[in-house]
Amino acid sequence: EIRLSLVGSEMCIETGGGPGASAVEISNVSYTGVHGTSASREAIILNCDERVGCVEILFNHVNVTSATAQEVIASCQNAHGSAVDTFPQIQCLQQ
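Quick summary incoming for the structure in this document. Computed from a predicted model, the values in this text were never measured in an experiment.

Regular strands show a simple pattern: their side chains alternate between the two faces of the sheet. Inspection of the sheet shows strand β3 (residues 26–32) paired to strand β6 (residues 54–60) by six bridges, in the parallel sense. Across the sheet, residue Ile26 finds its bridge partner in β6, namely Cys54. Two elements, β6 and strand β9 (residues 79–84), share five bridges in a ladder whose sense is parallel. What sits directly across from Leu58, in β9, is Ser82.

See below:
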């Protein structure tokens, strides 16, 4: 399963499909100039397969604020890349 989307309330990259599933490497993906609101606390989710991960992910001038006045955060697993001028900060994104 791969999901790369801005659907409804959150921006997601998800790979993997459970035990025994094939892993797909996600690489060289850029989000540039994305602005919007999130109804979810987790506004940016990077959930990548532990075997291959996601690499060279770039967030550049991305701003996702809360649609409900709550704090928004980013969450990551096995994601590598960088973020420039991005809110919320993606502190979990590994270099």
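On to unusual backbone geometry, then. A cis amide bond links Phe87 to the next residue, Pro88, at an omega of 0°. Turning to its location among the elements, Pro88 is positioned in the segment after β9. With a phi close to 70°, Ala69 is a non-glycine residue in the positive phi region. Note on placement: Ala69 falls in the loop between β7 (63–66) and β8 (73–77). Of note, the phi angle at Asn78 is positive, near 60°, even though the residue is not glycine. Among the secondary structure elements, Asn78 is positioned in the loop between β8 and β9. Given the relative accessible area of 28%, Asn78 is considered partly exposed.

Before going further, it helps to spend a moment on the environment of Ser75. Along the chain, Ser75 turns up in strand β8. C-alpha separation for the pair Ser75 and Ala43, spaced 32 residues apart in sequence, amounts to 8.3 Å.

One pass over the structure, following the stated rule, counts two disulfides. Between the sulfur atoms of Cys48 and its disulfide mate Cys54 the distance is 2.0 Å. Handedness of the Cys48-Cys54 disulfide follows from its S-S torsion of about -105°: it is left-handed. Of the two residues, Cys48 and Cys54, neither departs from the other in class, the shared state being buried. Between the sulfur of Cys76 and that of Cys92 lies a disulfide, 2.1 Å long from S to S. Since a negative S-S torsion denotes a left-handed disulfide, the Cys76-Cys92 link at about 55° is right-handed. In this pair, Cys76 is assigned in strand β8 and Cys92 in the segment after β9, connecting sequence segments 16 residues apart. Looking at Cys92, the relative accessible area reads 26%, which means it is partly exposed. Described in terms of the sequence order of its bonded cysteines, the disulfide pattern of the protein chain is 1-2, 3-4.

Before going further, it helps to examine the packing of aromatic side chains. Overall, the coordinates contain one aromatic pair when judged by the stated rule. Here the aromatic rings of Tyr31 and Phe59 are separated by 4.8 Å at their centres, their planes lie at 20°, and the arrangement is stacked. With a gap of 28 residues between them, Tyr31 in strand β3 and Phe59 in strand β6 connect regions that are remote in the sequence. Under the relative-accessibility criterion, Tyr31 is labelled buried at 11%. By relative accessible area, which is 0% here, Phe59 ends up buried.

Calculation rules
Residues numbered from 1 in each chain as written. Predicted model: local features only at pLDDT ≥ 70, side-chain atom pairs only at ≥ 80, totals over all residues. Heavy atoms only, no water. Pairing = 2+ DSSP bridges. Helix = DSSP H or I, 4+ residues; strand = E, 2+ residues; numbered from the N terminus. Buried < 20%, exposed > 50% of the residue type's maximum accessible area, 1.4 Å probe, protein only. Disulfide = S-S within 2.5 Å. Phe/Tyr/Trp six-rings, centres within 6.5 Å; stacked < 30°, edge-to-face > 60°.

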